[in-house]
Amino acid sequence: MKNSIAVLLPHYNNCSGLRISLKSLQSEIQPFTLFVYDDGSNDFSYVERIISEFREFYDIRLKRNSKNLGITETLNRGLKHILECNTYEFIARLDAGDICVGSRFENQIRTFNIDKELGLVGSWVKFVDINRNKLFFFKPPSGYKELKRSMHSYNPFIHSSVMFRTDVVKAVGFYPTNYPALEDYAFFFKIIKKFKATVVEKTLVEYEYNPEGISIKRRGEQTKSRIKLLMNEYKFGLFTTIGLVRAFITFVLPFKLLLFFKKKFI
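No experiment lies behind these values; they were computed from the predicted model shown. (Residues numbered from 1 in each chain as written. Predicted model: local features only at pLDDT ≥ 70, side-chain atom pairs only at ≥ 80, totals over all residues. Heavy atoms only, no water.)

**Considerations on the overall build of the chain**
Looking only at helices and strands, the chain features 11 helices and nine strands. With 266 residues in all, the chain has 53% of them scored as buried. Contacts in the chain between residues at least 24 apart in sequence constitute 79% of all its contacts with a sequence separation of at least 6. Accessible area for the chain stands at about 12700 Å²; split by element, carbon and sulfur atoms hold 54% of it. (Helix = DSSP H or I, 4+ residues; strand = E, 2+ residues; numbered from the N terminus. Buried < 20%, exposed > 50% of the residue type's maximum accessible area, 1.4 Å probe, protein only. Contact = heavy atoms within 4.5 Å. Areas by Shrake-Rupley, 256 points an atom, 1.4 Å probe, with all protein chains shown as cover.)

**Description of the pattern of salt bridges**
With the rule as written, the count across this model stands at 12 salt bridges. For Arg19, the salt bridge is made with Glu53, and the minimal N-O distance between the two is 2.8 Å. Within this pair, whereas Arg19 is found in helix H1 (residues 15-24), its partner Glu53 is found in helix H2 (residues 44-54), the two being separated by 34 residues in sequence. Where Arg77 meets Glu73, a salt bridge forms, and the shortest distance between an N and an O atom there is 3.1 Å. Placement of both Arg77 and Glu73 in helix H3 (residues 71-85) is noted, with a separation of four residues, approximately one turn of the helix. Connected through shared salt-bridge partners, Lys126, Arg132, Glu206 and Glu208 make up one network. (Salt bridge = Lys/Arg side-chain N within 4 Å of Asp/Glu carboxyl O.)

**So, the nonpolar core**
Leu120, Phe157, Phe164, Phe187 and Phe188 are the most contacted members of the largest nonpolar core, which totals 35 residues. Sorting elements by how many residues they give to this core places helix H7 (residues 183-194) first, with seven residues. Those residues in contact with Phe188, other than ones at most four positions away along the chain, are Leu120, Met151, Asn155, Phe157, His159 and Val162. Membership of the second largest hydrophobic core comes to 30 residues, among which are Ile50, Leu94, Ala96 and Phe105. (Core = buried A, V, L, I, M, F, W, Y, C linked by side-chain atoms within 4.5 Å.)

**Focus: the packing of aromatic side chains**
Using the criterion set out here, one finds 17 aromatic pairs in the structure. Grouping aromatic residues by their ring pairs yields a cluster made of Phe127, Phe136, Phe138, Tyr154, Tyr207 and Tyr209. (Phe/Tyr/Trp six-rings, centres within 6.5 Å; stacked < 30°, edge-to-face > 60°.)

**As for the environment of Glu89**
With respect to the element layout, Glu89 can be found in the loop between H3 and strand E4 (90-93). Judged by its relative accessible area of 42%, Glu89 is partly exposed. C-alpha of Glu89 to C-alpha of Ala6: the two residues are 83 residues apart in sequence and 8.0 Å apart in space. The contact partners of Glu89, leaving out residues within four places of it in the chain, are Ser4, Phe164, Arg165 and Thr166.

**Re the packing of H1 against H2**
Across the interface, H1 lies against H2 with an axial gap of 10 Å and an inter-helix angle of 15 degrees. Taken as axis vectors, H1 and H2 run roughly parallel relative to one another. Crossing of H1 against H2: the hand is right-handed. Two secondary-structure elements touch here, H1 through Cys15, Leu18, Arg19, Leu22 and Lys23 and H2 through Tyr46, Val47, Ile50, Ile51, Glu53 and Phe54. (Axes fitted to C-alpha atoms, helices over the stretch in contact; angles between N-to-C directions. Parallel < 35°, antiparallel > 145°, perpendicular 65-115°, else oblique. Left-handed = near helix turned anticlockwise from the far one by under 90°.)

**What about H2?**
Buried within H2 are the following residues: Phe44, Val47, Ile50, Ile51 and Phe54. Across the axial projection of H2, the buried residues extend over an arc of 115 degrees, all falling on one side. Structurally, H2 contributes buried residues whose contacts are with strand E1 (5-11), H1, strand E2 (33-38) and strand E3 (59-64). (Arc of directions from axis to C-beta.)

**A look at the packing of H7 against helix H9 (residues 219-232)**
At a minimum axis separation of 10 Å, H7 and H9 run at an interaxial angle of 20 degrees. On the basis of the axis angle, H7 is roughly parallel to H9. Seen from above, H7 lies across H9 with right-handed handedness. Facing H7, whose interface residues are Tyr185, Ala186 and Phe189, H9 presents Arg226, Leu229 and Leu230.

**Here we look at unusual backbone geometry**
The backbone of Ser103 sits at a positive phi, close to 50 degrees, despite the residue not being glycine. The topology assignment puts Ser103 in the loop between strand E5 (99-100) and helix H4 (104-114).

**Remarks on H7**
With 12 residues, H7 should reach 16 Å at 1.5 Å per residue; the first-to-last C-alpha distance of 18 Å fits that figure. With respect to burial, H7 is a largely interior element, nine of its 12 residues being buried. Taken as a whole, H7 has its buried residues at Glu183, Asp184, Tyr185, Ala186, Phe187, Phe188, Phe189, Ile191 and Ile192. (Expected span 1.5 Å × (residues − 1).)

**Some thoughts on the pairing of strand E6 (residues 118-128)**
With 10 of its 11 residues buried, E6 lies for the most part within the structure. Bridge count for E6 against strand E9 (residues 196-208) is 10 bridges, and the pairing is parallel. Across the sheet, Leu118 pairs through a bridge with Lys196, a residue of E9. In this structure, E6 lies alongside strand E8 (residues 163-165), joined through two bridges in antiparallel fashion. Within E8, the position partnered with Val121 by the bridge is Met163. Counting the residues between successive antiparallel strands, the hairpin from E6 to strand E7 (residues 134-138) contains five residues, one of them, Arg132, with a positive phi of roughly 70 degrees. (Pairing = 2+ DSSP bridges.)

Here's what the structure looks like:
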């Protein structure tokens, strides 16, 4: 069976998380090619050893930046390389430390095949701590109209859960570089304006809440970008106004308190 899926996995100094993610892919039924793009990790030889452990299980392409360029540039280099291959119909995202469950790729490909107008497909996500203990489940709506509305309040697509058509990148371009630490949210805004989207109502990804991860270490910068993005996309209305106010509140709330509310009410 032809590999129609390219899996893009950026990596930087998280070899334990990389191994966990690669191991989870062994349970996937749908054929794929894995593109691991290392962003100048300190010990690249260790990264190479981990990759070698899994080469017998699936097709892996390992690329490396000569120096640390940041997540957005690394993702865009990965997308550019995948497009240049001119082989893959779909691109799936995965981050080191996150794992695929429940035949993720098979479920998402089936969803694309049911509706040819879909450009972006996410899923429900289980959030876990670094010891893999459950924190909460994230279950956004699946309807296109509901997702478009939700985008003005929060990002309903967890980055590691998404799969999108390669043609989407050709139509909307690469990840925006003007929203630091929020390139995924801005990218999804571009997609959802031109293409239909949905969320598979199954938990297909475990997302690791890592204190060393970008979302937490760069939370202040990320929230500023979120406010900027929502203001740029703002359309007068109750829901969009609530979303903007929510972003400002998130900016001032301590992370531990925000996590408490998520565990309590999500």
